[in-house]
Amino acid sequence: MSNAAAQLQPNEGEWQDIEPLLSVRDINKFYAPGKGCGNINFDLYPGEVLGIVGESGSGKSTLLSCLSARLTPDSGQVIYNSEQFGAMDLYACEESQRRVLMRSEWGIVHQHARDGLRMNVSAGANIGERLMAVGERHYGEIREKAAEWLQAVEIDTGRIDDRPSQFSGGMQQRLQIARNLVTHPNLIFMDEPTGGLDVSVQAKLLDLLRNLVSRLGLSVIIVTHDLAVARLLAHRLMVMRRGEVVETGLTDQVLDDPQHPYTQLLVSSILQN
Amino acid sequence: MNAATATGYNFAYLDEQSKRMIRRAILKGVAIPGYQVPFGGREMPLPHGWGTGGMQVTASVIGEADRLKVIDQGADDTTNAVSIRRFFASTAGVETTEQTADATLIQTRHRIPERALQENQILIYQVPIPEPLRFIEPRESETRKMHALSEYGAMQVKLYEDVARFGHIATSYDYPVMVNGRYMMDPSPIPKFDNPKMDMMPALQLFGAGFEKRIYAVPPYTKVESLDFDDYPFEVQSWEENCSICGSNHSFLDEVIIDDAGSKMFVCSDTDYCRERVAQQENPA
């Protein structure tokens, strides 16, 4: 190895100093044999975007629910390194702590915006709710922040008092993202954020997501069956099949040089034009 | 007991076992101010929504020596108030009164009397919907968790919507309060004008919801705060007019339409308070 190349190697000591944000150890959750996910192990580092891809029924969403403290796994540990509580085992800690995480350090973007929004209150109140949940009690400031975030997700601030039911699907999805990001979370869980949107709206949403993720230095775990979405957003990929991880690696590596037969099949099934 | 007391009924209609069960719920409610205690609601001889919750509480705490007053929207002479008062006069044979100062038990729908209540009095509210968070969260399992963990940020969303739509907090009755700095409570549909009276009140306040089978309580001298925003503080209603009967400029006024041309007058909603003021003006002691 030449001297120049040696200098490019990261200093090993420094590298090991960074603590993973989320450590997953031997997670198992099966509804029936072969239905669910099992034997999952990985670390997620701060600022990293991890994509979980696989076909329908491969256990992606089950895994995401287990990771985001919404579904208790049969066995295994999820250790989250919290700003407020320090390293905590999600399923051994108090439920109150998990709920605090969900409204402060975490964001959850659902596939259907209706699941993640309050449809009967205005867009401004939807964004402001998390602020009020963490103790903000000044109306003027809440409204100002709501307007800022509407702008950040490219929704006209004149729509601040409209209800989400009056928004298009793409706008609802963007509103959901704004609602999650307003408290500056560290970790975002996304389940098929572009599902059910047409191609041009998808492209716009992806562009917005990519910008926000890099600007805010967010860590993201994104579940998708769309490899194009994964390629655009994810740094690292996990390919799942029948509840197990069959291949992991850097996104480009996995997609350009798939090793596992199933990944090869998945990559080759993308329509080429 | 007087001659008009109905025979064939237990004292105050409810059987003793039911009363004991309700008293236990009341004691628990008093021990945990603002906490909604579930209880086995009994059938009462009038429809749900007409004050069955308040009546069950009254039946459980009333004794032979009590003097009962019943008001509906502040008035002693409306159907609901008259029938409930008669009900207890005949099933318990207790004395009834229309004077706030004389009553030991006051069952109320939608008002707190204007005259300050004393330590020897109990105020019993009829409650239609005991859960203040129901507007924002339809699941009972979730609202219980929110109470348990004091997660009350979502309630602020309701106030936010008010300010966004009307420019001020437009909720004017059923205005949510924090009791003793811990539990969020629905004060029943009293006007927010009455909210400050609940704070540090010397009388015991009991709340009964018959339909939803919940009892809750505010013990005497307990802190009760109304929710608000830092930049939109809690305010009570005020009127430019005075009461046309007694001239009061500080009580809660009802607007009454008096002819087909739309003429109107404002009168005290608390009929006993108004009557007392008129009597005082005629015979200054």
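Residues numbered from 1 in each chain as written. Chains lettered and ligands numbered in written order. Predicted model: local features only at pLDDT ≥ 70, side-chain atom pairs only at ≥ 80, totals over all residues. Heavy atoms only, no water.

**Q** Describe the side chain of A:Ser82, naming the residues involved and giving the relevant values.
**A** Residues and elements named next belong to chain A. Checked against the element boundaries, Ser82 lands in strand β4 (residues 75–82). Within the structure, the side chain of Ser82 is placed 3.0 Å from the backbone nitrogen of Gln84, a separation counted as a polar contact. A distance of 2.9 Å separates a polar atom in the side chain of Ser82 from a polar atom in the side chain of Glu105. Apart from residues no more than four positions distant in its own chain, Ser82 is found in contact with Ala87, Met88, Leu101 and Glu105. (Helix = DSSP H or I, 4+ residues; strand = E, 2+ residues; numbered from the N terminus. Polar contact = N/O pair within 3.5 Å; in protein donor to acceptor, adjacent residues only side chain to side chain. Contact = heavy atoms within 4.5 Å.)

**Q** Go over the interface of chain A and chain B with me, naming the residues and quoting the values.
**A** A common way to report how large an interface is uses the accessible area buried once the components associate. At the junction of the two partners, chain A supplies 22 residues and chain B supplies 22 residues. Both sides of the chain A and chain B interface together cover about 1,900 Å² of buried area, and 56% of this is carbon and sulfur. Area buried by chain A at its contact with chain B is led by A:Arg99, A:Arg137 and A:Tyr139, which between them contribute 38% of it. Joining chain A to chain B, the criterion identifies 4 salt bridges. A:Arg103 is paired through a salt bridge with B:Glu151; the nearest N and O atoms lie 2.9 Å apart. Taken together, the connections running from chain A to chain B amount to 13 residue pairs in polar contact (both at pLDDT 80 or more). Elements with a contribution of two residues or more to the side of chain A that touches chain B: α4 (95–103), α6 (123–133) and α7 (139–152) of chain A. It is α6(A) that contributes the most residues to the side of chain A that touches chain B, 5 residues altogether. (Buried area = accessible area lost by both parts, 1.4 Å probe. Salt bridge = Lys/Arg side-chain N within 4 Å of Asp/Glu carboxyl O.)

**Q** Requested: an account of a negative patch on the surface, with residues and values cited.
**A** On the surface, A:Glu141, A:Glu144, A:Glu148 and B:Asp230 cluster together to form a negatively charged patch. Considering the arrangement of structural elements, one finds A:Glu144 in helix α7. Overall, A:Glu144 belongs to the exposed group, its relative accessible area being 54%. (Patch = residues over 30% accessible without salt bridge, like charges linked within 9 Å, V, L, I, M, F, W, Y side chains within 5 Å. Areas by Shrake-Rupley, 256 points an atom, 1.4 Å probe, with all protein chains shown as cover. Lys, Arg positive; Asp, Glu negative; His and termini not counted. Charge placed at Lys NZ, Arg CZ, Asp CG, Glu CD. Buried < 20%, exposed > 50% of the residue type's maximum accessible area, 1.4 Å probe, protein only.)

**Q** Give a detailed account of the pattern of salt bridges, specifying residues and quantitative values.
**A** Pairing between side chains becomes possible if they bear opposite charge and their charged atoms approach one another. Within the structure shown, the criterion is met by 28 salt bridges over all chains. Salt-bridge contacts for B:Lys145 lead to A:Glu95; the nearest nitrogen and oxygen are separated by 3.1 Å. Note that B:Lys145 is positioned in helix α4 (residues 140–148) and A:Glu95 in helix α4, a pairing that runs across two chains. Among the residues examined, A:Glu95 registers a relative accessible area of 32% and is labelled partly exposed. With a shortest N-O distance of 3.4 Å, B:Glu114 and B:Lys197 are connected by a salt bridge. Highlighted residues: B:Glu114 in the loop between β4 (105–109) and β5 (122–126) and B:Lys197 in helix α6 (residues 195–198), separated in sequence by 83 residues. What emerges from the salt-bridge pattern is a single network uniting A:Arg99, A:Arg103, B:Glu142 and B:Glu151.

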